[in-house]
Amino acid sequence: MNMKWLLLLFPLAITYYTYTYGRWALKNGYKRGGIGVLVLAAFVLALAVYALFVRQEF
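Residues numbered from 1 in each chain as written. Predicted model: local features only at pLDDT ≥ 70, side-chain atom pairs only at ≥ 80, totals over all residues. Heavy atoms only, no water.

This part is about the overall build of the protein chain. Tallying secondary structure elements over the protein chain gives three helices and zero strands in all. Its helices and strands in sequence order give the protein chain the pattern α-α-α, from N to C terminus. For 58 residues, the compact-globule estimate of 2.2 N^0.38 gives 10 Å, and the protein chain exceeds it by more than 25% at 14 Å. Here the protein chain holds 58 residues, and 19% of them are scored as buried. Within the structure as shown, the protein chain displays about 5,000 Å² of accessible surface, and the carbon and sulfur contribution to it stands at 69%. (Helix = DSSP H or I, 4+ residues; strand = E, 2+ residues; numbered from the N terminus. Rg over C-alpha atoms; globule rule 2.2 N^0.38 Å. Buried < 20%, exposed > 50% of the residue type's maximum accessible area, 1.4 Å probe, protein only. Areas by Shrake-Rupley, 256 points an atom, 1.4 Å probe, with all protein chains shown as cover.)

Helix length check: helix α3 (residues 31-54), at 24 residues, gives a terminal C-alpha distance of 33 Å against a target of 34 Å (1.5 Å per residue), a fit within 8%. Its buried side turned inward, α3 meets α1 (3-7) and α2 (9-27). (Expected span 1.5 Å × (residues − 1). Contact = heavy atoms within 4.5 Å.)

Let's shift gears to the packing of α2 against α3. Two quantities define a packed helix pair, namely the angle between the axes and the distance from one axis to the other. Between α2 and α3, the least distance of the axes is 8 Å, while the angle of their chain directions is 165 degrees. The pairing of α2 with α3 is recorded here as roughly antiparallel in orientation. By crossing handedness, the relation of α2 to α3 is classed as left-handed. Judged by residue contacts, P11, L12, I14, T15, T18, Y19, Y21, G22, R23, A25 and L26 of α2 engage K31, G34, I35, V37, L38, A41, V44, L45 and A48 from α3. (Axes fitted to C-alpha atoms, helices over the stretch in contact; angles between N-to-C directions. Parallel < 35°, antiparallel > 145°, perpendicular 65-115°, else oblique. Left-handed = near helix turned anticlockwise from the far one by under 90°.)

Honestly, that's just the spatial picture; any functional story needs more than this.
If you want it as structure tokens, here you go:
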């Protein structure tokens, strides 16, 4: 298994946990907080994928 995919497991776990909280918040009427948390989850995953796969190494 490639090391980059192994390093991606931790951000994926954080994103999944954050996504489930955001979905719960939206379901319970916390619209602004739920949307903010979902944006944060997407940002964390996008930043991790960028750092591991797109950015060039020194």
